[in-house]
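Chain and residue survey
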Amino acid sequence: LIFFILLFKVDLCNGQDNYQNKSKTIKAKGDFIHNFTKTIFPLKIENLDRKTITAFNKNESNVGVTYDIRKGFKQTTLSIYIYPAGNATEDRLREGYAVSLQGVVRNVGHNLDANQNYVFYKKDGYKINGFKAWLIYDDKNNKSTLELYECGNWFFKIRITSDLSDSLEIDSLSKKVLEIFSPTDLVKISKLNLMSSILYSDEIKDSIMMKIVLAGALKKSKW
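Read on for a plain summary of the structure. (Residues numbered from 1 in each chain as written. Predicted model: local features only at pLDDT ≥ 70, side-chain atom pairs only at ≥ 80, totals over all residues. Heavy atoms only, no water.)

1. Quick word on the nonpolar core
Stated formally: Within this scheme, the nonpolar core is defined by two criteria: the residues are buried Ala, Val, Leu, Ile, Met, Phe, Trp, Tyr or Cys, and they are joined through side-chain atoms within 4.5 Å. Relative accessibility under 20% of the residue-type maximum defines a buried residue, over 50% an exposed one, and the middle range a partly exposed one, all with a 1.4 Å probe and only protein chains included. Helix numbers and strand numbers start at the N terminus; a helix is a DSSP run of H or I with at least 4 residues, a strand a run of E with at least 2. Contact criterion: two residues are considered in contact whenever any of their non-hydrogen atoms come within 4.5 Å of each other.
In terms of nonpolar packing, the biggest core is built from 30 residues, with Phe41, Tyr67, Leu78, Ile80, Tyr149, Phe156 and Val177 touching the most fellow members. At the level of secondary structure, the elements contributing two or more residues to this core comprise strand E6 (48-55), strand E7 (63-71), strand E8 (74-84), strand E9 (113-123), strand E11 (143-151), strand E12 (154-162), helix H2 (167-181) and helix H3 (184-189). A total of five residues in this core trace back to one element, the largest contributor, which is H2. Beyond its immediate sequence surroundings of up to four residues, Ile80 is in contact with Phe41, Ile45, Val63, Gly64, Val65, Tyr67, Phe156, Lys157, Val177 and Phe181.

Okay, here's the thing in structure tokens:
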């Protein structure tokens, strides 16, 4: 864990939104296995068929897999992403979620509102923190959710959009995805290094505030 005093730097280079120009399609006939985490993406999830597998960086550690079901002109689309979470700064999850939400707004291309909540997932003695947003469009028939979970050295993201399913069905699908992929497994294979580093600005080395600021940082480090 890295704590920054006064000079705060966010490393967000691992989000999909920064890799759009480098994306490539991956082909897989059967189950697709993410090499870095051994996460298995099956051909179907519930009644949704796998449609695309996309790598957003060269070594394919940053991937997104899309599933959907169509009935006439309506459809439900599920997208699941696994990608490196970057440096373990104290605000990494919040900043990563903000970037993901901004990416949704950019892709939608018009104003939307969001009901946002802190969420978590617990299994095998692990608790995974996350944020979830129900996105509200001008078109009330279009429903959409965004979930991002911090899983050790990885982010696990779920996006569902639908003008076919109701809110209960979307919520059920989201829970099914967490059940199938169990993001706690990502923590088991790559736990965070519990050693902490405290970086501070040269400007406060001789400051009378140094002792106070350092004490606060040490408290956070201990926590």
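So that's the structure; there's more coming.
2. What to know about the pairing of E11
Which entries qualify depends on this criterion: DSSP-based pairing: two strands are paired if at least 2 bridges between them are found.
Summarising burial for E11: seven of the nine residues are buried, a large majority. Inspection of the sheet shows strand E10 (residues 126-136) paired to E11 by seven bridges, in the antiparallel sense. In the strand pairing of E11, Phe131 is matched with Leu148. In this structure, E11 lies alongside E12, joined through nine bridges in antiparallel fashion. Directly across from Ser144, in E12, lies its bridge partner Thr161.

3. Topic: the environment of Gly152
Residue position: Gly152 is located in the loop between E11 and E12. As for Gly152 and Ala88, which are separated by 64 residues in sequence, their C-alpha atoms are 8.8 Å apart.

4. Describing the packing of aromatic side chains
Under the convention used in this document: A pair of Phe, Tyr and Trp rings is counted when the ring centres sit within 6.5 Å of each other, with Trp represented by its six-membered ring. The angle between the planes then sorts it: under 30 degrees is stacked, over 60 is edge-to-face, the rest tilted.
Using the criterion set out here, one finds eight aromatic pairs in the structure. Measuring from centroid to centroid gives 6.2 Å for Tyr118 and Phe120, while their planes differ by 35°, and the two rings are tilted. You can call Phe120 partly exposed: its relative accessible area is 44%. An aromatic cluster of at least three residues, connected via ring pairs, comprises Phe32, Phe41, Phe156 and Phe181.

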